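These are the residues of each chain, in order.
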Amino acid sequence: MSSTVQAIIDGGFAKSAAARPDSFQSPAELVAEVGSALRACFQVLARENPYILGTSAVVAFGGTGWARPSGCLRVIKVLSDAGTVATPALAVGAEIAVVPYDDQAVCAGRASVTELGQVFQPTGQVNDPSAGTLTIVYARAPQLPVIATETVDALFPSEFDDYLKFDMAAYLAMKDKRQEDEQTFRASQSALLQQIIDWSQEQTYSLVQRFPLVTPPSTNTNAGRQQPAKGA
């Protein structure tokens with residue numbers, strides 16, 4: 001069962017005897033910090049295994065295309081549904097190819113959409129969806145708490161509550177300018193984040209699969225430059 005935000009805040013204070021509860025006049029500040037830590041964790045989970053944060057929404061055509069659902073961190077796939085308008089008609093649940101804006105012909109002949117400004121648009125093929133609704137499967141953002149009595153988002157694994165508590169302890173140390181304590185708490189938080197990543201990647205051992213859950217791109221983008229292997 002999920003913990004309350006107040007329990008996370010109290011646990012953060014308990015991590016360090018030097019933390020001073022009386023120095024924080026605004027509980028909303030601490031609630032917001034719990035939300036910030038949740039956001040950071042969900043961002044990592046959405047990269048490592050988006051299905052673990054997965055949900056879906058039926059999205060209506062908005063004049064130029066289908067906008068990403070509110071709170072969408074990663075789109076997993078786009079599917080046709082009973083309200084999809086296409087010629088010829090697409091089977092309900094058929095996956096629609098999502099292609100790059102600068103290479104819209106990569107799936108020529110297959111019903112496709114491309115994305116511009118967080119809106120999915122037809123690529124111009126006669127068999128593309130053109131109106132109606134599409135179902136977007138996506139990894140969602142956390143439900144951010146507003147008050148301390150709320151519970152932490154149910155998709156956050158409660159076994160790792162200490163990740164949130166160490167974040168709170170580090171935040172309190174940062175506010176008090178206790179740099180050594182802050183570094184210690186951040187290190188503990190980082191170690192727990194790695195455990196959360198491992199948890200997300202190894203969910204169901206009976207899973208039958210042909211491909212990795214997350215397929216990396218075939219070229220190196222945004223994470224460094226292409227270079228020959230060492231010694232080549």
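These figures come from a predicted structure and were not determined experimentally.

Enquirer: Which residues make up helix H1 (residues 5-14), and what values do they have?
Expert: Every α-helix carries 3.6 residues per turn, so stepping three or four residues along brings you back to the same face. Buried within H1 we find Val5, Ile8, Ile9, Gly11, Gly12 and Phe13. Against the buried residues of H1 lie helix H2 (27-48) and helix H3 (161-175).

Enquirer: Can you break down the nonpolar core residue by residue, with the values?
Expert: Judged by nonpolar contacts, the single largest core of 37 residues is most densely connected at Ile9, Phe156, Tyr163 and Leu164. Breaking this core down by element, the ones donating at least two residues are H1, H2, H3 and helix H4 (179-201). The element contributing the most residues to this core is H2, with ten residues. Those residues in contact with Leu164 that lie beyond four places of it in its chain are Ile8, Val34, Ala37, Leu38, Val152 and Phe156. In terms of nonpolar packing, the next biggest core, distinct from the first, is built from eleven residues, Val78, Ile96, Val113 and Ile136 among them.

Enquirer: Residue-level account of unusual backbone geometry, with values.
Expert: The amide bond that connects Thr87 to the next residue, Pro88, takes the cis arrangement and shows omega of -5°. Among the structural elements, Pro88 can be located in the loop between strand E3 (72-85) and strand E4 (95-99). For Gln118, which is not a glycine, the phi torsion comes out positive at approximately 65°. Checked against the element boundaries, Gln118 lands in the loop between strand E5 (112-116) and strand E6 (119-122). Phi at Lys177 takes a positive value of approximately 60°, unusual for a residue other than glycine.

Enquirer: Can you break down a nonpolar patch on the surface residue by residue, with the values?
Expert: Taken together, Tyr51, Leu207, Leu213 and Val214 make up a surface patch of nonpolar side chains, about 340 Å² in accessible area. Inspection of the secondary structure puts Tyr51 in the loop between H2 and strand E1 (54-60). The exposure class assigned to Tyr51 is partly exposed, which follows from its relative accessible area of 43%.

Enquirer: An account of the pattern of salt bridges is needed here, citing residue identities and associated values.
Expert: Under the counting rule described, the total for this entry stands at nine salt bridges. Among the ionic pairs, Lys175 bridges to Glu29, the shortest N-O distance being 2.9 Å. In this pair, Lys175 sits in helix H3 while Glu29 sits in helix H2, placing the two residues 146 residues apart along the sequence. Bridged by salt links that share partners, the residues Asp176, Arg178 and Asp181 form one connected network.

Enquirer: So, the sheet that holds E1: which residues are in play, and what are the values?
Expert: Across the sheet, seven strands lie side by side as E1-E7-E3-E4-E5-E6-E2; this open sheet has mixed pairing. The sheet terminates laterally at E1 and strand E2 (66-67), the two strands that pair on one side only. Of the strand pairs in this sheet, E4 and E5 are connected by three bridges, and their pairing is parallel. Bridging from a neighbouring strand, Val99 pairs with Thr114 of E5. Running over the sheet, H2 touches E3 and strand E7 (131-140) and is turned about 65° from E3.

Enquirer: With reference to specific residues and values, describe the environment of Val75.
Expert: For Val75, the location among the structural elements is in strand E3. Through-space distance from the C-alpha of Val75 to that of Pro50 is 8.5 Å; in sequence the pair is 25 residues apart. Contact partners of Val75, with chain neighbours within four places excluded, come to Arg68, Phe120, Ile136, Val137 and Tyr138.

Enquirer: Give a detailed account of H3, specifying residues and quantitative values.
Expert: Over its 15 residues, H3 extends 21 Å from the first C-alpha to the last, a length consistent with the 21 Å expected when each residue adds 1.5 Å. Within H3, eleven of the 15 residues are buried, which leaves it mostly tucked inside the rest of the structure. For H3, the complete set of buried residues consists of Asp161, Tyr163, Leu164, Phe166, Asp167, Met168, Ala169, Ala170, Tyr171, Leu172 and Ala173. Contact partners of the buried residues in H3: H1, H2 and H4. Immediately beyond the C-terminal end of H3, within one or two residues, lies Lys177, with a positive phi of roughly 60°.

Parameters at a glance
- Residues numbered from 1 in each chain as written.
- Predicted model: local features only at pLDDT ≥ 70, side-chain atom pairs only at ≥ 80, totals over all residues.
- Heavy atoms only, no water.
- Buried < 20%, exposed > 50% of the residue type's maximum accessible area, 1.4 Å probe, protein only.
- Helix = DSSP H or I, 4+ residues; strand = E, 2+ residues; numbered from the N terminus.
- Contact = heavy atoms within 4.5 Å.
- Core = buried A, V, L, I, M, F, W, Y, C linked by side-chain atoms within 4.5 Å.
- Patch = residues over 30% accessible without salt bridge, like charges linked within 9 Å, V, L, I, M, F, W, Y side chains within 5 Å.
- Areas by Shrake-Rupley, 256 points an atom, 1.4 Å probe, with all protein chains shown as cover.
- Salt bridge = Lys/Arg side-chain N within 4 Å of Asp/Glu carboxyl O.
- Pairing = 2+ DSSP bridges.
- Axes fitted to C-alpha atoms, helices over the stretch in contact; angles between N-to-C directions.
- Expected span 1.5 Å × (residues − 1).

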